[in-house]
Structures are given as structure tokens and as C-alpha cells.
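Analysis of the macromolecular model
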Amino acid sequence: MTEMFDEELREQLAQARQALREAEAAGDDDGVQAYDGRVAALLRIAARHGVELPHTVQEELGEN
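All of the points below concern the structure found in this document. (Residues numbered from 1 in each chain as written. Predicted model: local features only at pLDDT ≥ 70, side-chain atom pairs only at ≥ 80, totals over all residues. Heavy atoms only, no water.)

What to know about the overall build of the protein chain
Summing up its helical and strand segments, the protein chain has three helices and zero strands in all. The globule rule puts the C-alpha radius of gyration for 64 residues at 11 Å, and the 12 Å found for the protein chain is close to it. Each principal axis of the C-alpha atoms in the protein chain carries an extent, and together these give about 40 × 20 × 15 Å. Of all intrachain contacts in the protein chain linking residues separated by at least 6 positions in sequence, the fraction that spans at least 24 positions is 55%. Carbon and sulfur atoms make up 50% of the accessible area of the protein chain, which amounts to about 4500 Å² in all. (Helix = DSSP H or I, 4+ residues; strand = E, 2+ residues; numbered from the N terminus. Rg over C-alpha atoms; globule rule 2.2 N^0.38 Å. Contact = heavy atoms within 4.5 Å. Areas by Shrake-Rupley, 256 points an atom, 1.4 Å probe, with all protein chains shown as cover.)

Structural data, given as C-alpha cells:
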């Protein structure tokens, strides 16, 4: 179960980061804000469950 949980978190984080990049490229400020929050939330979930995911401090704080 843990391996599946880790994998799902990693996949969702990758998708959120991609969506964030696309929103930034499109100049979609609302999308940027939403996906910044999504990335930060996924990182908090991972931390609560002891899943280490590479990230920046800005991502953790939702400040991309």
C-alpha cells in the first residue's frame, strides 16, 4: 500500500508541476495560483506521511 501511495503522490505532483508551468506560460494568473496551492498541498501530504519528494522551498510555501 505504501508504495502505491508514494507513486500516486509523485504522479500527482508531476502533473501539478506541469499544469503550473503551462499556466505560467499562458499568463494564467488564476491557474498559477491554483497550481501553486496544489503543489504545496501535495508536499504537505507527503511530509505528513513521511514521503520524501524533491522540492524547492518556494514550492513548499506555494510561492512560485
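Moving on from the model shown.
Quick word on helix H1 (residues 2-26)
Here H1 spans 36 Å end to end across 25 residues, near enough to the 36 Å set by a 1.5 Å rise per residue. One or two positions beyond H1, positive phi appears at Gly-27, with a value near 70 degrees. (Expected span 1.5 Å × (residues − 1).)

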